[in-house]
Amino acid sequence: MTTAIEMRGVVKEYGTRQARVRALDGVSTDFPAGSWTAVMGPSGSGKSTLLHCAAGLEVVTSGQVRIGELDITTSSDAELTALRRRQIGFVFQSFNLLGSLTAGQNVALPLKLAGVRVSAREVRDVLAGVGLADRIRHRPRELSGGQQQRVAIARAMVTRPAVLFADEPTGALDSKSARVVLDLLRDMVDSDGQTIVMVTHDPAVAASADQVVFLSDGRIVDRTAGLNAHGVAERLAALED
């Protein structure tokens, strides 16, 4: 299976001297292309740091991160900016939509920032892909939480990224809306071959993924596949004891 992201001996530290904190401690792992990986672990285990380092949003202290053929640990700021605009999509728990823009304008924003012309049809097609073609002119306040998150996913996907990163994408949603979003992500992987790396604290959400990577104290301590929500919860509980 092709590897979408490769991390080798990744260390990420914050602070200096006595105040130094090692958030990632020699992480080595691969994320297969065309698959969905959930990242779990106790609070403070380094989940979000791993996600941000894998996406090039944070610079690693040492080690290597490759996205496809590109070693992002040696890339220039310009190369990283181009990477984030074209090859990486990022979905946050808080949606991060601009309230003054319509759903269509929010979706088109990444392409406009990259200086790429975007047609109304292209925006409509992306929104149709998340079931919101009829909401193209609605502003965020006119949408439910689940609809806002789907707009955020459409915005992340409009550049057709190699990898979609998601940080607690269902954390702010009710169970019904969360299920719609998870079904959408599952279909993106199964039908379109999208690669997804997602941080979550919810075993039921993690069980939707193809595999689950468990972190503890900045290190990968387990990797599983095929577990149901109960099985994921048991593995997580064992790390928290």
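> What's the story with the environment of Ala 206 in this structure? I'm lost.
Along the polypeptide, Ala 206 turns up in helix 7 (residues 203-206). Considering only alpha carbons, one finds Ala 206 and Pro 42, 164 residues apart in sequence, at a separation of 14 Å. Once you skip the residues sitting within four places of it in the chain, Ala 206 turns out to touch Ala 38, Met 40, Thr 200, Val 212 and Val 232.

> I would appreciate a short explanation of the pairing of strand 7 (residues 163-167) in the present structure.
Looking along a regular strand, one sees the side chains alternate between the two faces of the sheet. With five of its five residues buried, strand 7 lies for the most part within the structure. Both faces of strand 7 are covered, namely the face carrying Val 163, Phe 165 and Asp 167 and the face carrying Leu 164 and Ala 166. Alignment of strand 6 (residues 88-92) against strand 7, held across five bridges, turns out to be parallel. In the sheet register, Phe 92 faces strand 7, and the bridge partner there is Asp 167. As paired elements, strand 7 and strand 8 (residues 195-199) share five bridges and run parallel to each other. Each residue of the ladder has a partner; that of Ala 166, found in strand 8, is Met 198. In this view, the connection linking strand 7 to its parallel neighbour strand 8 by way of helix 6 (residues 175-192) has right-handed handedness.

> Sorry, what's going on with the packing of aromatic side chains here?
Geometry of an aromatic ring pair is reported as the spacing of the ring centres plus the angle between the planes. One pass over the full model with this rule turns up two aromatic pairs. Between Phe 90 and Phe 165 the ring centres are 6.0 Å apart and the planes differ by 20°, which places this aromatic pair in the stacked class. Placement of Phe 90 in strand 6 and of Phe 165 in strand 7 is noted, with a sequence separation of 75 residues between them. Pair check on accessibility: Phe 90 and Phe 165 agree, each one buried. By way of ring pairs, the aromatic residues Phe 90, Phe 92 and Phe 165 are connected into one cluster.

Reading guide: rules and limits
- Residues numbered from 1 in each chain as written.
- Predicted model: local features only at pLDDT ≥ 70, side-chain atom pairs only at ≥ 80, totals over all residues.
- Heavy atoms only, no water.
- Helix = DSSP H or I, 4+ residues; strand = E, 2+ residues; numbered from the N terminus.
- Contact = heavy atoms within 4.5 Å.
- Buried < 20%, exposed > 50% of the residue type's maximum accessible area, 1.4 Å probe, protein only.
- Pairing = 2+ DSSP bridges.
- Right-handed = clockwise from strand over helix to strand, strands pointing away.
- Phe/Tyr/Trp six-rings, centres within 6.5 Å; stacked < 30°, edge-to-face > 60°.

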